Amino acid sequence: MSKKVDYSLYLVTCRELLPPDKDYYESLEESLQGGVTIVQIREKTAETREFVEIAAKSKVICDKYNVPLIINDRIDVALAVHASGVHVGQTDMPVDVVKRLLPVGSIVGVSCNNLDHVKTAIDDGVDYIGIGSVWATKTKSLTSPLVGVRGVGVLLDALEGTEIKAVAIGGIKSTNILRTLYGAVSQSGHTLDGVAVVSDIVSSNDPQNAAANLSGIIHKFKAQEHLGPAMIGTPLTGKGVLRQALQIFDAIKTTSPLVHQITNTVVSTQSANITLALGASPIMATSAKEMQDLSKIPGALLVNIGTLVDDTKEGMLASGLYANLARKPVVLDPVGVGASQYRKDAIKELLDTWQVSIIKGNAGELAALSGTSEVESKGVDSVGDGFKDPISFVKNLARKERCVVALTGKVDYVSDGNSVIALHNGHEMLGRITGSGCMVGSCIASFCAGQTSLPHDDEIITRGFANQYMLYAAVGGITVFNVAAEVAVASGNVRGTGTFLPALIDALYHLSLDEIVLNADIRICT
Ligand code: 3NM
Ligand code: MG
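Residues numbered from 1 in each chain as written. Chains lettered and ligands numbered in written order. Predicted model: local features only at pLDDT ≥ 70, side-chain atom pairs only at ≥ 80, totals over all residues. Heavy atoms only, no water.

- As recorded in an unreviewed UniProt entry, the protein chain goes by the name Thiamine phosphate synthase/TenI domain-containing protein, listed as coming from Pleurotus ostreatus.
- Of the comments in the UniProt record for the protein chain, the one headed Function (unreviewed entry) reads "Condenses 4-methyl-5-(beta-hydroxyethyl)thiazole monophosphate (THZ-P) and 2-methyl-4-amino-5-hydroxymethyl pyrimidine pyrophosphate (HMP-PP) to form thiamine monophosphate (TMP)." (UniProt positions renumbered as here; feature names shortened; annotations may be inferred.)

Below, the structure is given as structure tokens:
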């Protein structure tokens, strides 16, 4: 029997977190008025009599709003107040016993932290699972590792083909809920049925507003979920993509958008110069303390981990979060991520903290990032010929990370998880100077900023990190840089690697639309 339950905004109560002087029942009712769709009463220290009284009174309030009431852990309390169901943890009463004790049709949910938990929950035939903790939280002392936004998707995969619903829990608030909803996705594209929240609602003086805020984001997200990668005018043509890229190129020249770059110490000057040559405006700030201010300026963010240290990592974590909030595109260049465990851990932390719009890397870097050993790296360089099937690789990684992926190499491959585009421009001199990959990152970020400056008549909640627009930015950034390299060598001014870099900057500075059209080699892969 299927129970029609709206899990989208799942409130878990906690009297200890109420603001001073805030009445528990008043807070509950206000949060229901704000759009909470299901309530779990969670009492860890109340005596049984008190728990039953709270549950009974809460039930009356929830009934008024036609919202199901779930009891945490206590079957007896649920039976006593005719609750809609029970939620149990991994060390609570086993689900088969819970189901035997509760009336037929009751909702049974279970907390899951890993794949084994989910598999057991499927065998037990629960109605929903609570996946957590996704983010760090002070509300509950955690005994299991954090799942992380990207880890949720792996658990959602296991639910494919079942009717079991899923909510995420732990540290979810108005500032990270969109990242949570957008980033937690199964391979076949299923997202969460809802999010469960304690402190962001309960500890608010205005729980109605707090709930309405979350509910608003959830509903907008759900309404726009169908606007996936397919939104790009399909079928794509090389000419069509080029036209879009040229439009952005033009927008960069006319609006000179700011491109915030936290990059490595080897390349920062040339990255700033290449950005200027393109007509955009670089700012190379690294301190976490200035990230909030910088996110207010429109543009895009580039994060490059080439010479990562702890302090800059703090700046990167903060900058991406603020960029997400401001719906500003974020480009990640995971330089040399395969070289050390420190870099691997850092990339995981960055990708679990914010939603990236574009990931750009060579085969070795993207292999390390995705956890495959198919391609090895030597320091920051990729070893060997790259992937056997680069087209499938970029497409799958783009789906998994919910972003555009650009794999650089002799041929560059760009995918939004739907289409794959091969770019055949470039010159072998690029491989002989330092920082050409990093400069490509600057060009892509400049195109993201240019894209953001273009007028849009539709309101898309995930705009800043929505891949449907970022595909053109990635193609544009890579193409103009590579065409500039060809033009630089053809100019006859290059005598070696020393003169190549200034010739490249000059070529990009003077690059015309005609030159791009004449030289660009953009091919749609089938
Ligand atoms: N269960 P907040 S985390 C009740 O991981 C609960 O199963 C969790 O509170 C789990 O929204 C959690 O304030 C607390 O972070 C969530
Ligand atoms: Mg429990």
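Some details on the site of ligand 1
So, point 1. Surveying the vicinity of ligand 1 reveals the residues R42, G132, S133, T137, T139, K140, I169, G170, G171, V197, V198 and S199.
So, point 2. Between ligand 1 and the protein, one listed contact pairs an oxygen atom with a backbone N or O atom of S133 at 3.1 Å.
So, point 3. In the model, an oxygen atom of ligand 1 is placed 2.5 Å from a nitrogen or oxygen of the S199 side chain.
So, point 4. Considered on its own, ligand 1 offers 430 Å² of accessible surface; in the complex 94% of this is hidden by protein.
So, point 5. Of the residues contributing to the shell around ligand 1, the split by class is 3 nonpolar, 7 polar and 2 charged. (Near = heavy atom within 4 Å. Polar contact = N/O pair within 3.5 Å; in protein donor to acceptor, adjacent residues only side chain to side chain. Areas by Shrake-Rupley, 256 points an atom, 1.4 Å probe, with all protein chains shown as cover. Nonpolar A, V, L, I, M, F, W, Y, C, P; charged D, E, K, R; others polar.)

Remarks on helix α6 (residues 149-159)
So, point 1. Those residues of α6 that fall on the buried side of the exposure criterion are V149, G151, V152, G153, L155, L156 and L159.
So, point 2. Residues of α6 that are buried in the fold lie against α5 (115-124), β6 (128-132), β7 (165-169), α7 (177-183) and α14 (341-353).
So, point 3. Downstream of α6 by a residue or two, G161 has a phi angle that is positive, lying close to 85°. (Buried < 20%, exposed > 50% of the residue type's maximum accessible area, 1.4 Å probe, protein only. Helix = DSSP H or I, 4+ residues; strand = E, 2+ residues; numbered from the N terminus. Contact = heavy atoms within 4.5 Å.)

A look at the environment of G238
So, point 1. Mapped onto the elements, G238 comes out in helix α10 (residues 238-255).
So, point 2. Note: C-alpha distance between G238 and F393 (155 residues apart in sequence) is 21 Å.
So, point 3. Apart from residues lying up to four places away in sequence, G238 is in contact with I522 and I524.

A closer look at unusual backbone geometry
So, point 1. Residue S133 follows G132 across a cis peptide bond; omega there is 0°.
So, point 2. Relative to the elements of secondary structure, S133 occurs in the loop between β6 and α6.
So, point 3. Despite not being glycine, S256 shows a phi value in the positive range, around 40°.
So, point 4. If you trace the backbone, S256 turns up in the loop between α10 and β9 (258-262).
So, point 5. The class of S256 is partly exposed, set by a relative accessible area of 35%.
So, point 6. In this model, R327 sits at a positive phi of 55°, which is unusual for a non-glycine residue.
So, point 7. Relative to the elements of secondary structure, R327 occurs in the loop between α13 (310-325) and β12 (330-333).
So, point 8. Classification of R327 as partly exposed rests on a relative accessible area of 25%.

Considerations on the sheet that holds β7
So, point 1. Spatially, 8 strands are ordered β1-β2-β3-β4-β5-β6-β7-β8 in a closed barrel, and the strand pairing comes out parallel. Strand-to-strand twist across the sheet, computed as the mean angle between neighbouring axes with direction ignored, equals 25°.
So, point 2. With 5 bridges joining them, β6 and β7 adopt parallel strand pairing. Bridging across to β7, I129 finds its partner in A166. (Pairing = 2+ DSSP bridges. Axes fitted to C-alpha atoms, helices over the stretch in contact; angles between N-to-C directions.)

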